[in-house]
Amino acid sequence: MSSAPEKQDTTARQDSPRKPLLSVRDLEVQFRTDHGPATAVGGVNFELYSGEMLGLVGESGSGKTVTALSVMRLIPDPPGKITGGKVLFEDIDLLQLTYSQMRRIRGKKIAMIFQEPMTALNPVFSIGMQVMETVRTHEKVTRKEAFERAVDMLTAVGIPDARKRMGDYPHQFSGGMRQRVMIALALVCHPQILVADEPTTALDVTTQAQIMDLMIELNQKREAAAILLITHDLAVVAETCQRVIVMYGGRVQESGTTEHIFNSPRHPYTQGLLRSLPGPHQKPKSRLNAIAGNVPSILDMPTGCRFCTRCPDVMDRCHREEPPLHALANGQLVRCHLLEEEAT
Amino acid sequence: MTAYFIRRLLLILPTFLGVTIIAFTITRLVPGGPLEREIMRMRQAQAMGEAGGSAGASNIVDPTASIPSRSLDQLKKQFDLDKPGYEAYFLWLKKICTLNLGESYVYREPVWDLIAKRFPISLTFGLTGFFLAYLVSIPLGILKALRHGSTFDVFSSGVVFVGYSIPGWAFGALLLVFLASGRFYDVFPLGDIKTSTYEELPSIVRNMEDLDDVTDDFGTFEWDRLSLLSRIIDRSYHMALPVFCYMMGSFATLTMLTKNSLMENLGQDYVRTAFAKGLAPNRVIFVHTLRNSMIPLATGLGHALSVLMAGSYLIEWVFNIDGIGYLGYTSILGRDYTVVMGILAINTVLILFGNILSDVLYAVIDPRIRFE
């Protein structure tokens, strides 16, 4: 929208694609349970580059939301705790910042939106107040300026008659509109990174498409320079993301460009995920190709490869040692012993 | 929403009629009513008179002889018992509509005056208890929620539950024994709402006031001659224990309600959103979460209207306070039905309006609530 102020931060545009905006290094998160500490996420590495949409996919319990919350340092503590690794943003390790320093990053430089737009907005405050609050927390602006900024942002995310609706409450909006408000609230300070945790899961299919289109549009217009999209919906990833990270059992199992991951998946888990999608090749009323078994609980993860209990190509050594990430020539990273077997 | 409140206001009328009709019927049906009491009193007087003059009695009157029918008729007329029940009720209702509550059978005074005399006492206790309860419970509940599971939380929960389990009047008696009787400590007075002699004044007040200034020409102590500050100190000194007893009950409920409500809200998604926006924890807790947590508490606020007529018979009895609670109770025992009905009518109106006020507050604090 022309009404949205120009992004002042031009460095994001000039960033060479090789210099990542956000870099997560060896992230480890543990949760305290009655049966001792459980590692929800371990050894997670990835980069987010300016201008891209990065998909983080996996089943429930794979650690994708924990990873996203770690970037924001919003892991509920107790019982959770980030026990290792680095989250580098603008050459600063976010995990080393004091609480108030981190507070100035949240909402201002890195913003987050959540799955359930009804409960994620405060029911007793008007949406105008909630969007203005982000601006007024991070910038020295007058009430009037904040009001105008909120109206502009709500217009930009496609709220019709935004000015008139500033005083309305969340329950007066539909699910899709609420998620737009949520996006406006997150982007009103023009953060460099938007972490979107299953932003369309709670919405119906047509609304999902509209919200995804909006996010792509905002990403292209640099309202949000980079988007980390957490989802279990592979179709959404295929349509929107340039790169994909597949997580399972708290580990990155495979990563690469969307094209490589979808056309030539190398990890048995990714292959299984893609096979389980219903497609035009599927015979009507035939069974979907589900991956057998369930995600193991974080309390009894297998010692070797996290996927060994469900892997169709499991070998003896998979139970003993966890495979390292093998780098392929096309930049794809795969955590599987099979690649080594092939090489030898 | 206006239509809803108009409907609620209109509903007050039938509810009021229903409540008063039931109460009125009970006064008519329960044995030992004012008429019987009066007859008994007259007989006793007769018997006493006979006993006094029996020495030279020439004509012996049968003590079981009935009251002359002429005075019986008079009495019936006085209590409106000469008319059928519905007629008497309408007579009462007509008087109520002109705000005339009738005259007490026992005190021979207008009911209004009886209530008005005790009204300041009730209001002082009611308001102080009410505000103190909220003033202590809400911060305590917040603190308990934020320090959930800490020693402080566990300890204060213990205190809250003990307070909840002991009735205020029973604890009042204990407090009197321990803190006022002089048997253990003599910190507080034994009762009443002001000191009646100069010697009994708290020492702080005595130090400030000269004996000559506060006594009249005959050397009698006059409380009203004390300075304002002294009067406040003396009043607080007398009110401390009873107010504490009034608070105990609502204190426990309010504290736990605040705590549980806040805990529940702290786990909500919107709290995470607020943190993700970069808000300071204090703002998240005291602006975002607290407003949501206050919704269940707002319901109780409407009943603040009832503090106008506050008064627990038992607490007033323990602390020897002649308030509305005490008046209501003694008038029931003494079958002083005009007083009973008067207090009932006022309380009914206050509660009914209080309920509507609660609804209004509910809608004000929670925008999702819209009454249709």
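Colleague: Which residues make up the state of the cysteines, and what values do they have?
Modeller: Applying the stated criterion across every chain, the model contains zero disulfides over all chains. Cysteine A:Cys311 is unpaired, with the sulfur of A:Cys336 as its nearest cysteine sulfur at 6.0 Å.

Colleague: Break down the interface of chain B and chain A for me, citing the residues and quoting the values.
Modeller: Taken together, the contact pairs 21 residues of chain B with 27 residues of chain A. Between chain B and chain A, the buried area comes to about 2100 Å², and carbon and sulfur atoms account for 60% of it. In this structure, the connection of chain B to chain A is made through two salt bridges. A salt bridge links B:Lys277 to A:Glu133; the shortest N-O distance between them is 2.8 Å. Here chain B and chain A share twelve residue pairs in polar contact (both at pLDDT 80 or more) between them. Secondary-structure elements contributing two or more residues to the side of chain B that touches chain A are α10 (269–276) and α11 (281–301) of chain B. Ranked by the residues each element gives to the side of chain B that touches chain A, the list is headed by α11(B), at seven residues. Partitioned by chemical class, the residues of the side of chain B that touches chain A number ten nonpolar, four polar and seven charged.

Colleague: An account of the packing of helix α1 (residues 2–29) of chain B against helix α4 (residues 85–97) of chain B is requested, with residue identities and associated values reported.
Modeller: Residue and element names in this part refer to chain B. Here α1 crosses α4 at 130°, and the two axes come no closer than 11 Å. With respect to α4, the axis of α1 lies oblique. Crossing of α1 against α4: the hand is right-handed. Of the residues in α4, those touching α1 at Phe16, Leu17, Thr20, Ile21, Phe24 and Arg28 are Gly85, Ala88, Tyr89, Trp92, Leu93 and Ile96. For the contact of α1 with α4, the per-class residue count stands at nine nonpolar, two polar and one charged.

Colleague: An account of the sheet that holds strand β6 (residues 110–113) of chain A is requested, with residue identities and associated values reported.
Modeller: Two modes of strand pairing occur in sheets, parallel and antiparallel, and in both the strands are linked by backbone hydrogen bonds. Residues and elements named next belong to chain A. Pairing within the open sheet is mixed, and its eight strands lie in the order β6-β7-β8-β3-β9-β10-β12-β11. The open sheet has two edge strands, β6 and β11 (325–327), and neither has a second partner. Looking at each pair of strands side by side, their axes are set apart by 20° on average, direction ignored. Bridge analysis of strand β3 (residues 53–57) against strand β9 (residues 243–248) gives four bridges, and the strand direction is parallel. Across the sheet, residue Leu56 finds its bridge partner in β9, namely Ile245. Lying on the sheet, helix α8 (residues 175–187) is in contact with β6 and β7 (193–197); it crosses β6 at an angle near 170°. Along the sheet, helix α9 (residues 205–220) makes contact with β3, β6, β7 and β8 (226–231), crossing β8 at roughly 155°.

Colleague: Outline helix α6 (residues 151–165) of chain B, listing residues and values.
Modeller: For α6(B), built from 15 residues, the straight-helix expectation of 21 Å at 1.5 Å per residue is met to within 8% by its first-to-last C-alpha distance of 21 Å. Buried positions along α6(B) lie against α5 (111–146) and α9 (228–266) of chain B.

Colleague: Break down the packing of aromatic side chains for me, with residues and values.
Modeller: Summed over the entire model, instances satisfying the criterion amount to twelve aromatic pairs over all chains. Measuring from ring centre to ring centre gives 5.8 Å for B:Tyr89 and B:Phe90, while their planes differ by 65°; the resulting arrangement is edge-to-face. Residue class for B:Tyr89 comes out buried when judged on its relative accessible area of 6%. Joined through ring pairs, the aromatic side chains of B:Phe24, B:Tyr89, B:Phe90 and B:Trp92 make up one cluster. For A:Arg165, the ring lying beneath its charged end belongs to A:Phe173, and the centroid distance is 3.9 Å.

Definitions and cut-offs
Residues numbered from 1 in each chain as written. Chains lettered and ligands numbered in written order. Predicted model: local features only at pLDDT ≥ 70, side-chain atom pairs only at ≥ 80, totals over all residues. Heavy atoms only, no water. Disulfide = S-S within 2.5 Å. Contact = heavy atoms within 4.5 Å. Buried area = accessible area lost by both parts, 1.4 Å probe. Salt bridge = Lys/Arg side-chain N within 4 Å of Asp/Glu carboxyl O. Polar contact = N/O pair within 3.5 Å; in protein donor to acceptor, adjacent residues only side chain to side chain. Helix = DSSP H or I, 4+ residues; strand = E, 2+ residues; numbered from the N terminus. Nonpolar A, V, L, I, M, F, W, Y, C, P; charged D, E, K, R; others polar. Axes fitted to C-alpha atoms, helices over the stretch in contact; angles between N-to-C directions. Parallel < 35°, antiparallel > 145°, perpendicular 65-115°, else oblique. Left-handed = near helix turned anticlockwise from the far one by under 90°. Pairing = 2+ DSSP bridges. Expected span 1.5 Å × (residues − 1). Phe/Tyr/Trp six-rings, centres within 6.5 Å; stacked < 30°, edge-to-face > 60°. Buried < 20%, exposed > 50% of the residue type's maximum accessible area, 1.4 Å probe, protein only. Lys NZ or Arg CZ within 6 Å of the ring centre and 35° of its normal.

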